[in-house]
Amino acid sequence: MSDKNRSVARTLLDRQGTTFAAEAGIRLRDAPGPLYQLLVLAHLLSARIRSDTAVAAARALFDAGMRDPRRMAEADWQRRVDALGEGGYRRYDERTATQLGEAAELVNREYGGDLRRMRKAGDPKQLLREINGIGPAGVNIFLREAQGLWPEFAPYFDRKVLEGAERVGLPKSARSLAGLVAEDELPRLAAALVRVALHADAAREVRAAA
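Calculation notes
- Residues numbered from 1 in each chain as written.
- Predicted model: local features only at pLDDT ≥ 70, side-chain atom pairs only at ≥ 80, totals over all residues.
- Heavy atoms only, no water.
- Helix = DSSP H or I, 4+ residues; strand = E, 2+ residues; numbered from the N terminus.
- Rg over C-alpha atoms; globule rule 2.2 N^0.38 Å.
- Contact = heavy atoms within 4.5 Å.
- Areas by Shrake-Rupley, 256 points an atom, 1.4 Å probe, with all protein chains shown as cover.
- Lys, Arg positive; Asp, Glu negative; His and termini not counted.
- Charge placed at Lys NZ, Arg CZ, Asp CG, Glu CD.
- 1 Å grid on protein atoms, 1.4 Å probe; cavity = no way out; pocket = protein on both sides within 12 Å on 5 of 7 lines; lining within 4 Å.
- Points joined across faces, edges and corners; volume = space filled by probe spheres on them.

As named in an unreviewed UniProt entry, the chain is Endonuclease, taken from Streptomyces malaysiensis.

Here it is, written out as structure tokens:
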């Protein structure tokens, strides 16, 4: 692996390497609360809306007390709508409020509020799709961030990550990208590459600094 590629990877981590979970205030660990919060964030980020708006909406939901599936399910629809609106998530707020309630009920019913049970029950790539509001993009977002906790999915670099790699001149190979950083840095590298895929100015900044 070339020194240039390693320099680009290090610059990515230094400048864009905050995970989306960390940005949303989630202290991610393999525990029911943080995993559920990551699911909510993945749901919000998968809509056609700015990532910073989705992160702000997740923070607003959590600040309003909806940090676990029981409290999300118990919150009435209007309370969820209001929290989403506070975060600026207004375009999809009514539909998303409904989906979040239904998704929380499923997580409670099928997994006792603990997504670790989903991991044991079968393939999370398939089971996540059964949760209302989680499509292919939501699955990718969840597993990109969770790969540090669930190493059987690492390296998890989906199409959006590989688009970012191409923008900054890195190889479009999950195996090659994984070789550029330590295993515990894979979620951060994935997040950084998504950001440069979404924002051309971020890609230019990384290329100039590396």
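(A) Local environment of the overall build of the chain. A count of helical and extended segments in the chain gives 14 helices and zero strands. Along the chain direction, N to C, the helices and strands of the chain fall in the order α-α-α-α-α-α-α-α-α-α-α-α-α-α. Its C-alpha atoms give the chain a radius of gyration of 17 Å, within 12% of the compact-globule value 17 Å for 210 residues. With the principal axes as the frame, the chain shows a C-alpha extent of 55 × 35 × 25 Å. A fraction of 65% describes how many contacts in the chain between residues 6 or more apart in sequence connect residues 24 or more apart. As displayed, the chain offers around 9800 Å² of accessible surface, 42% of which is attributable to carbon and sulfur atoms. For the chain, the centre of its 34 positive side-chain charges and the centre of its 29 negative side-chain charges are spaced 3 Å apart.

(B) Structural detail: the side chain of Thr-19. Relative to the assigned elements, Thr-19 resides in the loop between α1 (3–16) and α2 (20–23). Discounting chain neighbours no more than four positions away, the residues touching Thr-19 are Glu-145, Pro-187, Arg-188, Ala-191 and Arg-195.

(C) Representation of empty space enclosed by the protein in the model. The full count for this structure, using the stated rule, is one cavity of 30 Å³ or more. In this structure, the largest cavity occupies an estimated 30 Å³ of space. Around the largest cavity sit Tyr-36, Leu-39, Val-40, His-43, Leu-100, Ala-103, Ile-131 and Ile-134, which together line it. Of all the elements in the fold, those that place two or more residues in the lining of the largest cavity are α3 (32–45) and α7 (93–111).

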